[in-house]
Amino acid sequence: MDQYYIAVTILTKYFSKIGYIVNLLPKPNDGVGTGAHAHLSIWQDGKSATGDASKPYGISDAFSSFLAGVLKYYPAIVHFLAPSFNSTRRIIPGYFAGRYTIWGVDNKEAPVRVVGYSKA
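Residues numbered from 1 in each chain as written. Predicted model: local features only at pLDDT ≥ 70, side-chain atom pairs only at ≥ 80, totals over all residues. Heavy atoms only, no water.

A. Expanded view of the overall build of the protein. Helix and strand content of the protein: four helices and four strands. Along the protein, helices (α) and strands (β) appear in the sequence α-β-β-α-α-α-β-β when read from the amino end. Burial status across the protein gives 21% buried among its 120 residues. Within the protein, residue pairs in contact and separated by at least 24 positions form 33% of the contacts whose partners lie at least 6 positions apart. Summing over all exposed atoms, the protein offers an accessible surface of approximately 9,100 Å²; the carbon and sulfur share of this is 60%. (Helix = DSSP H or I, 4+ residues; strand = E, 2+ residues; numbered from the N terminus. Buried < 20%, exposed > 50% of the residue type's maximum accessible area, 1.4 Å probe, protein only. Contact = heavy atoms within 4.5 Å. Areas by Shrake-Rupley, 256 points an atom, 1.4 Å probe, with all protein chains shown as cover.)

Written out as structure tokens, the structure is:
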């Protein structure tokens, strides 16, 4: 996180000297805005326990349980994921920011999504 704040400081100071304003708000007054995401996997005994090709959507029983826990506590977790007023302003339908407590396959509206699943 320190590197993020160092980068922000350098960017804002440099560009302000040459007449520009740097806007790193997650939800400016217009537009979709910007956000962050994380790719998660779960591991057991040194091996990924996330995927299982024989299961629906290619996700293992262990990952299904993990996913159920994330969704159960999502209303509380979201306050840590979007801690500022401007972050929460972005969590509305159509802004790809997890407005609903759902999961989906390649669904950018879902706060938790399985990416790249294919039956092929």
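The rest of the description comes next.
B. Just the environment of Ser87, in detail. Its location among the elements puts Ser87 in helix α4 (residues 85–89). Residues Ser87 and Ala97, 10 residues apart in the sequence, show an inter-C-alpha distance of 9.5 Å.

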